[in-house]
Structures are given as structure tokens and as C-alpha cells.
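Here are the chains, one letter per residue:
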Amino acid sequence: MGICEGRVVIVTGAGGGLGRAYALGLAAEGASVVVNDLGVGTHGEAGETKGAAQQVVEEIQAMGGKAVADTGDVADWDAGKRMVEAAIDTFGSLHAVVNNAGFVRDRMFVSCTPEEWDAVTRVHLRGHFCTSRHAVDYWRSENKAGRPIDARIINTTSGAGLQGSIGQSAYSASKAGIASLTLVQAAELGRYGITANALAPNARTRMTMTAFADTMTSQQESAFDPFAPENTAPLVAWLASEQSRNVTGQVFEPFGGTIRISEGWTDGPTSDDVGRRLRPDEVGAVVEKLVAGRTPAKPVYGAS
Ligand code: NAI
């Protein structure tokens, strides 16, 4: 018996890449899956992979699993509601939302247009809001009706969000926002029986093949392929299962056969209290000492 037997899970952006691997992995563990995908291109171009969600549903059904397709836009408020309704109407319940859908429009900050900024922040940030918000409505009303809730929000951040990435300002800002959102959801929603965690994956998909093709392909020859998207699926299945009940507010960086847990922002050195407000001409020396004494942050991706 799989670890997700009886669980109903929505996976957004599950028509390809990581989302597809999660949907297949969840179904193999016994979950019924709502496979969402709008079928857009790597940069959000319309119609690129139309029918992708249905194809994954057919793959799941062919292996004896349960799935239904949804082709809504994750950043559309009403589409988020329809996704949650699809889970309840088709499978009778909902236990987890895996917010995974997204795309990139990489640009140096100096050339990023307002349209690119809005498109990227919309799909990631608003996309993480709409479906989860409707799911939380459902879980809270179930909880108020006295039915036990053991629900999960599984978000997708990125190394770009945790440490920054040159040429990805809108994407990095969105993914950093998602990491913070996860902390707030965990703190606010625990009382209803809902956990919230995030992943920063690292896998070969069409998204990363545009930016990191050399690193990703060099490993394909070895017996174990650390960049296979399927490597992230066991962590997602576990997080969606009842077994992860006591883990919330965490950010995981899975890669190959490893899982790293992120320690996030934490307090560094503090200057001595001088018992009065600092004068502007004193600040420089204080900050210099603090910068020299702090644990250096991980460098921004792409910075030499
Ligand atoms: P992908 O491009 O292979 O898959 C993304 C899927 O999302 C596509 O099937 C696309 O049609 C769908 N999608 C895009 N916009 C949508 C919308 N508005 N509504 C519904 N579906 C939509 O990319 P990949 O690599 O699988 O990425 C999955 C997630 O993981 C993304 O959030 C990405 O930012 C994140 N990520 C991926 C990394 C990697 O190493 N591949 C690294 C860090 C984060």
C-alpha cells in the first residue's frame, strides 16, 4: 500500500517537467490526482503544449491510477476555485495542493519590461495564491463542521529565490516571496490542521535546459541521473501524505538522492547599544564591523 492511499492531491503545471513527475509519483503511491496544466510554453506562450494535462491523466490511468485533467490558469481566481471543485466533485475530497506551475522570462533588471515583470510575478505569486486560497476555504469550513483535517500546501520556491540569480530579477523576487508565504501559511494555518512547506528543486526540464543545459546534460551518462525530475517526486509524495503531519514551515532543496533543509534568514551580529540614537556620521564604522563579522550569504547565482 502506497503512502498516499486515499489522499486527493492537486498538482499545478503537471503536464510536463517536475509537475508530471510529481503527479505520476503521487498516483503510484495511491493518491487521486487533479492534473492541472494550462499547456503554455517555457515563457508562458499560449497553446504550446495543449492537451498535456490530459496526456498525463492517461499515463496515470494506464498504470491503474486515478486522475482528472484541469486546464485552468493557476493565476486566475475562478480557475483556482474550479480546480478545488474538480477534486471534491470527482474524488470526494481534497488533501493537498502542490503549487508547481510557472514559467520564466529571464532578463537583466536593467532591461526587464513592466509586462515581463507582471507576467512572471503573476504566474508564480498570484498562482500560489489562488488555488491554495480556495483550498484553505474548503479545509477551514470542513474543520468548522467538525471533520478532521490533515491537509498540505506544498509550494515551489527556487535557489533563485533563496539566494538570488543574475538575469532573473522578477523570478527571484517571486520565488523569495513564495518562501516567505510558506512561513506565514505554516504559522497561520496550523490551527486548522494544514501544513505548508516549500521545495527548491533542481532538475532537468525544458525550463532549465534553456539556462543550464551544460550542467544538466553532463550527468545523463551516469547510472544514476541526479537531474531526473523523478528524483523530487518521493519528497512531494511524502509531504502530501499523512506521514508529514508534524513538519511545517520548512524549505527543502532536493537534488538527486539528497535532501537539504534550508535555514533561511537568521539574526547575525548586532552592534553595541550606545544608549542613544546613532549619529549619521557614526553609522559607517558600525556597519563595516557588522559586515566583517557576519556569516557570508551564499553568492547570487551567476555572480563571480
Ligand atoms: P516546465 O516548464 O517543464 O513546467 C511548468 C509547467 O507549468 C508547464 O507544463 C506549463 O504549461 C505549466 N504552466 C505555466 N503557466 C501556467 C499557468 N498559468 N497555469 C497552469 N499551468 C501553467 O518547468 P519545471 O522545471 O518543471 O518547473 C516547475 C516548477 O519548478 C516551476 O515553478 C519552476 O519555477 C520551479 N523550479 C524548477 C527548477 C528546475 O530545476 N527545473 C529549479 C527551481 C524551481
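Before any of the text, the structure's been laid out above.
Residues numbered from 1 in each chain as written. Predicted model: local features only at pLDDT ≥ 70, side-chain atom pairs only at ≥ 80, totals over all residues. Heavy atoms only, no water.

Caption draft 1: Quick peek at the overall build of the chain. What the chain contains, in helices and strands, is ten helices and eight strands. Projecting the C-alpha coordinates of the chain onto the three principal axes gives extents of approximately 70 × 50 × 40 Å. Taking as baseline every contact in the chain between residues at least 6 positions apart, the subset at least 24 positions apart corresponds to 72%. Entry remark: accessible area of the chain is about 15600 Å², with carbon and sulfur atoms responsible for 53%. Across the chain, 27 positive and 34 negative side-chain charges occur, with their mean positions spaced 5 Å apart. (Helix = DSSP H or I, 4+ residues; strand = E, 2+ residues; numbered from the N terminus. Contact = heavy atoms within 4.5 Å. Areas by Shrake-Rupley, 256 points an atom, 1.4 Å probe, with all protein chains shown as cover. Lys, Arg positive; Asp, Glu negative; His and termini not counted. Charge placed at Lys NZ, Arg CZ, Asp CG, Glu CD.)

Caption draft 2: Representation of the site of the ligand. Not every one of the 30 residues close to the ligand is listed here, only the nearest: Asp37, Asn100, Tyr171, Ala203 and Thr205. Measuring from an oxygen atom of the ligand, one finds a side-chain N or O atom of Asp37 at 2.6 Å. Contact between the ligand and Tyr171: an oxygen atom at 2.5 Å from a side-chain N or O atom of the residue. The fraction of the free accessible surface of the ligand (830 Å²) that becomes covered by protein chains is 97%. Listed by contribution, the elements that provide at least two residues to the shell around the ligand are helix H1 (17-28), helix H4 (114-144), helix H6 (169-189) and helix H7 (206-211). The element that contributes the greatest number of residues to the shell around the ligand is H7, accounting for three residues. Residues that form the shell around the ligand fall into these classes: eleven nonpolar, 15 polar and four charged. (Near = heavy atom within 4 Å. Polar contact = N/O pair within 3.5 Å; in protein donor to acceptor, adjacent residues only side chain to side chain. Nonpolar A, V, L, I, M, F, W, Y, C, P; charged D, E, K, R; others polar.)

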